[in-house]
Amino acid sequence: MKTLILGGSGFIGSAVCTELQQRGAELSLLCRSPRSTMQAENLGATVIRGDISAPMAWCKQLAQYDAVIHMACGFDHNMAEIDKNLIQALITGLSSKYRQRSLLYTGGTWCYPNSPKAPLNEQTPFSPLPMFAWLQQHSQQVCNSEAVRGICLHPGIVTDDPDHIPELLKQEFASTGRVAMPCTNDLIWPLVDRQRLAKAYYLALDRAPAGEHYNVAEIEAQPVFELAKKLAQRHAVDTDIEIKTIDYWTQKYGAYCQGFERSQNLSSAKIRDHLGW
């Protein structure tokens, strides 16, 4: 399958590219920087030069592809408008009266409300983090489109660690020498290893019906306090975990950290049962 990847040089995207390549996909990556171009070339992928903020410059090339996987986000102040224009350009560029091409979109666990006890499934009404309300809207636009085979994955917090410790906690320890966590010691996060998430993208691309949303969490309800203790034990430091307000995290690392305040139990039963994840 000839597939164009948006965000292919990122934390999630690079794992997805490797997974698809190992399964025989013919890959192209949208690249705007020398670094992403080098990564694409090292993968043996075709380079499409362009920027998600200016899709009309490269979207005419979409007719040659069977699928597009969209995992790119710039986190700029105008990211909602950029994504809105991009989604419209992708749907238009992939539309064909001869065959239905695929568009995989990336939502996220923060499209859902707080729910530390009752599992969140794909029937749960969305209640997105305000700064990511557009993410939920665009995921529905993709899945409701009749012009493409639209599919959306909603990953938990993505990790690349043997103990599933998220980067935020490790980054804070590296900065301060102390182990800390947000908000309260009964906080729960859904987690997914990026390699396991990459397999979910492959399965969705390979066999998911049009219009479906899939939650993706390897660990559906992980107590964050236990992760913090593992981090302390790894570095042989005090296991007296420091609890810091969400304002501390957002001021230090960015407004997106508001999402880490959400305590969530994210069910992945659908993708396991329907796609064999």
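Refer to the structure above for everything that follows.
Residues numbered from 1 in each chain as written. Predicted model: local features only at pLDDT ≥ 70, side-chain atom pairs only at ≥ 80, totals over all residues. Heavy atoms only, no water.

K.L.:
I would appreciate a short explanation of the overall build of the protein chain in the present structure.
P.N.:
Each helix and strand in the protein chain was counted, giving nine helices and 14 strands. A globule of 277 residues ought to have a C-alpha radius of gyration of about 19 Å, and the protein chain, at 19 Å, matches this closely. By principal-axis analysis of the C-alpha atoms, the protein chain measures approximately 60 × 40 × 35 Å. In the protein chain, which comprises 277 residues, the proportion classed as buried is 53%. Contacts spanning at least 24 positions in sequence make up 76% of the contacts within the protein chain whose residues lie at least 6 apart. Of the roughly 12,400 Å² that the protein chain leaves accessible, carbon and sulfur atoms contribute 48%. One finds the centroid of the 26 positive side-chain charges in the protein chain at a distance of 6 Å from the centroid of its 28 negative side-chain charges. (Helix = DSSP H or I, 4+ residues; strand = E, 2+ residues; numbered from the N terminus. Rg over C-alpha atoms; globule rule 2.2 N^0.38 Å. Buried < 20%, exposed > 50% of the residue type's maximum accessible area, 1.4 Å probe, protein only. Contact = heavy atoms within 4.5 Å. Areas by Shrake-Rupley, 256 points an atom, 1.4 Å probe, with all protein chains shown as cover. Lys, Arg positive; Asp, Glu negative; His and termini not counted. Charge placed at Lys NZ, Arg CZ, Asp CG, Glu CD.)

K.L.:
What exactly am I supposed to notice about the side chain of S102 here?
P.N.:
Inspection of the secondary structure assignment puts S102 in strand β5 (residues 102-106). S102 sits in the buried class, given a relative accessible area of 4%. Sequence-distant contacts of S102, that is, excluding residues within four places in its chain, are made with D66, A67, V68, L94, R149 and L205.

K.L.:
Quick question: what am I supposed to make of the nonpolar core here?
P.N.:
Nonpolar side chains in soluble globular proteins generally cluster together in the buried interior. Counting 52 residues, the largest nonpolar core has L6, W58 and L90 as its most contacted members. Among the elements that make up this core, the one with the highest residue count is helix α3 (residues 79-94) (eight residues). Apart from the residues within four sequence positions on either side, L6 is in contact with L30, W58, V68, I69, H70, M71, A72, L86 and L90. Formed by 33 residues, the second largest nonpolar core is a distinct cluster that contains C17, L27, A40 and Y214. (Core = buried A, V, L, I, M, F, W, Y, C linked by side-chain atoms within 4.5 Å.)

K.L.:
Even after reading the chapter, I still don't get the state of the cysteines, so can you show me in this structure?
P.N.:
Here a disulfide denotes a covalent bond joining the sulfur atom of one cysteine to the sulfur atom of another. In this structure the tally under the stated criterion is zero disulfides. Unpaired in this structure, C59 has its nearest cysteine sulfur neighbour in C31, at a distance of 15 Å. A disulfide-free cysteine, C143 has its sulfur positioned 5.3 Å from the sulfur of C152, the nearest such atom. Classification of C143 by relative accessible area gives buried; the value is 8%. (Disulfide = S-S within 2.5 Å.)

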